[in-house]
Amino acid sequence: MSMNLPDFMSYSNKFTSGDFVEKISRIAKRAGAKMIYAALVLYYTLQSDKISVKDKAIIIGALGYLISPLDVIPDAIPIAGLGDDLAVLVYVLNKVWGNVSEDVKEKAKAKLSKWFDEDEIAEINTLFDKDIQ
C-alpha cells in the first residue's frame, strides 16, 4: 500500500482502553459499520496475547488516531476526515489480520449489532475490497 497515510503513530498517547468503546459508540452511526468493525477488531486484538509488541504499538497508534478528534469535538466529528481514518485502520488490519482470531471477529460483529442493522453490518464483508470506482 503506497498511499500516503497520516503519521498515526504519534497519536498513541490518545488511546485509553477504558473508554474506547464508549467513545466510538458516539460516532458509530456516522462512521459506518465498516469503520467501527475495523476499530473493534483492532481493539479486541490488542487484548490478545497472540500478537507482538510491535503490532500492539501500531494498533494503539491507529486507535489513538481514530479517537483523537473525539476529545476535541465531543459529538460532531468532521466526516471529511473519516476516509483517512478508515485507510489507517485497514492498513493496520492488513498487517495484523493473520493473528486476528475468529473469536475476535465474532466479538466485534456481535458488538456491531448494538448500533447497526443486518444490512449495514453486511458492509463489513467488503472491508478489504479495493474501491472499484
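Structure shown above.
Residues numbered from 1 in each chain as written. Predicted model: local features only at pLDDT ≥ 70, side-chain atom pairs only at ≥ 80, totals over all residues. Heavy atoms only, no water.

Draft legend 1. Here's a closer look at the environment of Lys29. Its place among the elements puts Lys29 in helix H1 (residues 20-31). The sequence separation of Lys29 and Phe116 amounts to 87 residues, and the corresponding C-alpha distance is 7.5 Å. Setting aside residues up to four positions removed in sequence, Lys29 forms contacts with Trp115, Phe116 and Glu120. In terms of polar contacts, Lys29 uses its side chain to reach the side chain of Glu120, at 3.1 Å. (Helix = DSSP H or I, 4+ residues; strand = E, 2+ residues; numbered from the N terminus. Contact = heavy atoms within 4.5 Å. Polar contact = N/O pair within 3.5 Å; in protein donor to acceptor, adjacent residues only side chain to side chain.)

Draft legend 2. Highlighting the side chain of Ser68. Counting through the fold element by element, Ser68 comes out in helix H3 (residues 53-72). Here Ser68 falls in the buried class, since its relative accessible area comes to 9%. Excluding residues within four positions of it along the chain, Ser68 makes contact with Tyr11 and Lys14. (Buried < 20%, exposed > 50% of the residue type's maximum accessible area, 1.4 Å probe, protein only.)

Draft legend 3. Inspection of the packing of aromatic side chains at higher detail. Applying the stated criterion across every chain yields a total of seven aromatic pairs. Relative to Tyr43, the ring of Phe15 lies with its centre 6.4 Å away and its plane at 65 degrees, an arrangement referred to as edge-to-face. Pair noted here: Phe15 is in the segment before H1 and Tyr43 is in helix H2 (residues 33-46), with a separation of 28 residues, a long-range link. Each member of the pair, Phe15 as well as Tyr43, is classed as buried. Between the aromatic rings of Phe20 and Tyr43, the centroid separation amounts to 5.0 Å while the plane-to-plane angle is 20 degrees, which identifies the pairing as stacked. Of the two residues, Phe20 sits in helix H1 while Tyr43 sits in helix H2, which places them 23 residues apart along the sequence. Accessibility assignment for this pair places Phe20 and Tyr43 in one class, buried. Among the aromatic side chains, those forming a connected cluster through ring pairs are Phe15, Phe20, Tyr43 and Tyr44. (Phe/Tyr/Trp six-rings, centres within 6.5 Å; stacked < 30°, edge-to-face > 60°.)

Draft legend 4. Representation of the packing of H2 against helix H5 (residues 102-112) within the structure. Direction vectors running N to C along H2 and H5 enclose 135 degrees, while the axes themselves pass 9 Å from each other. Between H2 and H5, the interaxial angle falls into the category oblique. The handedness of the crossing between H2 and H5 is right-handed. Residues Ala33, Ile36, Tyr37, Leu40, Val41, Tyr44 and Thr45 of H2 form the contact with H5, whose own contacting residues are Val104, Lys105, Lys107, Ala108, Lys109, Lys111 and Leu112. In terms of residue class, the contact of H2 with H5 is built from nine nonpolar, one polar and four charged. (Axes fitted to C-alpha atoms, helices over the stretch in contact; angles between N-to-C directions. Parallel < 35°, antiparallel > 145°, perpendicular 65-115°, else oblique. Left-handed = near helix turned anticlockwise from the far one by under 90°. Nonpolar A, V, L, I, M, F, W, Y, C, P; charged D, E, K, R; others polar.)

None of the figures reported here should be taken as evidence of function without further support.
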